[in-house]
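Here's the letter readout for the chains.
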Amino acid sequence: MKKSLLSALMVCSLTLTAVAAPSLALADTIDDQIEQQDQKIDSLKGQQADAQSQIDSLEAEIETVGAKVTALEAKQVELGQETEKLQDKIATLKLRIAKREEAIQKQARDVQVNGQSTNFIDAVLEADSLTDVIGRVQAMTTIVNANNDLVEQQKQDQQDVEDKVKENEAKIQEVAANQAELTEQKNAIAAKQADLNVLKADLAAEQATAEKDKDALKKKKEEAEAEKARILKEQQEAAAKAKAEEEAQAQALKEAQAQAASEATAAATVTETASSNTSSSSSASSNTASSETSSSSSNTSSSNAGSSTSNDSSNSSSNDSSASTGSTSTGGGIDHSSSGNMYAVGQCTWYVKNRASWVGTYWGNGAQWGASAAAEGYTVNGTPAAGSVVVFAAGQSVGGVWTADGTYGHVAYVESYNASNNTITISQGGMGFSSPTGPNTATLSASGYTYIHR
């Protein structure tokens with residue numbers, strides 16, 4: 001910079017010397033101009049030193065803000081992982097509740113239809129000896145306690161679901177708050193960088209005045225100011241958009257909380273009804289048996305008990321098998337369109353929920369969606385169709401191009417199905433794509449995958 005100014009000064013001096021006449025008066029004028037130019041250069045050097053000090057201060061501040069942004073980004077990743085784990089736990093608990101609820105309702109139906117109740121009086125009257133009486137009473141007590149434990153476990157799991165939903169919502173709110181802070185920090189960096197660019201452009205313009213290049217550098221200054229104005233406008237627009245999104249998210253969160261509370265209340269009502277029906281049936285059977293004589297033998301009672309146990313075991317095994325294979329009864333799936341999106345932003349589950357609002361709010365990670373959807377009455381099979389959700393198991397190949405996560409799996413939305421060549425075109429999101437929030441499209445073979453149909 002100094003060499004440039006000195007070169008300009010030398011050019012000016014040579015030019016003035018060449019133009020000047022040999023007269024003393026003209027020489028004095030040139031000397032005065034040179035002295036003025038030297039003074040101007042000295043003044044510019046002093047201004048440049050002050051400006052450089054300000055630039056150094058701004059760069060140090062930008063570096064500090066950059067470190068905060070890096071820390072917030074790391075926190076965002078950590079919160080996203082915690083949200084995924086919570087989604088996994090919630091989905092597992094909901095599946096466990098659904099299976100246990102089916103067992104409780106089946107037991108209640110058996111009591112009402114077949115009269116298979118726990119009857120202490122029958123057990124005592126049909127006993128062969130005092131020892132047999134004690135053994136029968138202990139056995140009946142064990143069965144009653146087991147039923148009570150089953151109902152208590154159901155209530156506990158339902159409470160765990162409510163607690164984890166609240167915890168997950170808190171994580172989502174924390175992510176939103178961190179996102180807002182992250183945006184603010186990035187905006188601060190952009191604004192300071194814009195100020196720095198304007199300051200540098202200003203210094204360049206002043207230096208250009210001494211080097212006869214003021215007009216070109218003024219244009220740069222104007223461009224820097226325009227960039228600053230553009231950044232300011234973008235920040236204002238982003239702030240308005242963030243406010244609108246925050247209000248929408250708050251409304252969705254409120255609706256999700258209301259729905260979760262409604263579902264929990266409905267499940268608790270069903271459990272209490274089943275327990276009440278079991279108790280009422282047992283009491284009715286006991287009153288009826290007290291007026292009858294003891295005519296059945298011990299062997300007949302044992303045979304009936306063994307048959308009931310065998311049927312319960314068979315039905316339980318069948319239900320477990322159905323859940324593990326992802327099959328379900330057709331139609332009647334629960335529509336979650338008004339529940340809001342509680343999945344972590346940038347995950348594949350978040351994208352599909354945005355694309356297909358009817359899918360569940362707490363279906364867990366991608367690999368769990370088939371079982372979760374089946375538990376809520378959706379049709380889950382291997383038949384591709386446009387508008388369905390395709391589920392990739394943990395570690396399963398996605399079109400032979402990449403592999404789904406070995407723990408969480410992957411989900412995508414089926415935009416179209418071509419029956420002539422058996423291919424599907426999907427849209428998807430996820431951290432592994434250039435656009436985590438999607439849409440990222442791909443066309444692949446439709447065979448070998450699980451599909452959830454609305």
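One can find the structure itself at the top, above this paragraph.
This section reports on the structure supplied with the text. Just so you know, these numbers come straight off a predicted model, no measurement behind them.

1. Section: the overall build of the protein
Okay, step 1: Looking only at helices and strands, one finds eight helices and eight strands in the protein.
Okay, step 2: Across the 454 residues of the protein, 33% fall into the buried class.
Okay, step 3: Of the contacts formed within the protein by residues at least 6 apart in sequence, a portion of 69% connects residues at least 24 apart.
Okay, step 4: Total accessible area on the protein is roughly 25,200 Å²; 52% of this is exposed by carbon and sulfur atoms.

2. Considerations on the nonpolar core
Okay, step 1: Formed by 19 residues in total, the largest nonpolar core has its most connected members in Trp358, Val359, Trp363, Trp369, Val389, Val411 and Ile452.
Okay, step 2: Among the secondary structure elements, those contributing two or more residues to this core are α7 (348–355), α8 (369–375), β2 (389–392) and β5 (410–418).
Okay, step 3: Per-element tally for this core: the top contributor is α7, with four residues.
Okay, step 4: Those residues in contact with Ile452 that lie beyond four places of it in its chain are Trp358, Trp363, Trp369, Gly370, Ala373, Tyr378, Thr379, Val380, Ser388, Val389 and Val391.
Okay, step 5: One finds Ile424, Ile426, Ala446 and Tyr449 within the second-largest nonpolar core, a separate group that totals 12 residues.

3. Observations concerning the side chain of His410
Okay, step 1: Inspection of the secondary structure puts His410 in strand β5.
Okay, step 2: The buried category is assigned to His410, whose relative accessible area is 4%.
Okay, step 3: At a separation of 2.8 Å, a polar atom in the side chain of His410 contacts the side chain of Gln428.
Okay, step 4: Ignoring sequence-local partners within four residues, the contact set of His410 consists of Cys348, Gly366, Ala367, Val390, Val391, Phe392, Trp402, Ala404, Gln428, Gly429 and Phe433.

4. Here's the deal with α7
Okay, step 1: Among the eight residues in α7, six count as buried, and that is most of the element.
Okay, step 2: If you check which residues of α7 are buried, you get Cys348, Thr349, Trp350, Tyr351, Val352 and Lys353.
Okay, step 3: Residues of α7 that are buried in the fold lie against α8, β2, β5 and β6 (423–428).

5. Considerations on unusual backbone geometry
Excluding glycine, residues mostly have negative phi values, and the peptide bonds linking residues are mostly trans.
Okay, step 1: Note that the residue after Gly438, namely Pro439, is joined by a cis bond; omega there is 0 degrees.
Okay, step 2: By the element assignment, Pro439 lies in the loop between β6 and β7 (440–445).
Okay, step 3: You will see that Lys212, though not glycine, has its phi angle at about 60 degrees, which is positive.
Okay, step 4: Within the element layout of this structure, Lys212 appears in the loop between α4 (130–210) and α5 (214–290).
Okay, step 5: When its relative accessible area of 68% is taken as the criterion, Lys212 is described as exposed.
Okay, step 6: The phi dihedral of Asn422 falls on the positive side, at around 55 degrees, and the residue is not glycine.
Okay, step 7: Mapping Asn422 onto the fold places it in the loop between β5 and β6.
Okay, step 8: The exposure class of Asn422 is partly exposed, given its relative accessible area of 25%.

How each quantity is defined
Along each chain, residue indices are assigned from 1 in the same order as the chain's sequence is written. For this predicted model, a pLDDT threshold of at least 70 governs which residues receive local features, and a threshold of 80 or more governs which side-chain atom pairs are given and counted, while totals over whole chains, interfaces and linings are taken from all residues. Remark: hydrogens and water are excluded; side-chain values derive from all non-hydrogen atoms of the structure. The way it works is that DSSP assigns letters per residue, a run of H or I at least four long becomes a helix, a run of E at least two long becomes a strand, and they are numbered from the N terminus. Each residue is placed in one exposure class: buried if its accessible area under a 1.4 Å probe, protein chains only, is under 20% of its type's maximum, exposed if it is over 50%, and partly exposed if it falls in between. Two residues qualify as a contact provided that any one of their heavy atoms is within 4.5 Å of a heavy atom in the partner residue. All accessible areas in this document rest on Shrake-Rupley with a 1.4 Å probe, and a residue is counted as covered only by the protein chains that are shown. To form a nonpolar core, buried Ala, Val, Leu, Ile, Met, Phe, Trp, Tyr and Cys residues must be joined to one another through side-chain atoms within 4.5 Å. Think of a polar contact as two N or O atoms within 3.5 Å of one another; within protein, one of them needs to be a possible hydrogen donor and the other a possible acceptor, and neighboring residues in sequence only count if both atoms come from side chains.

Keep in mind that these numbers describe shape and distance, not what the molecule does.
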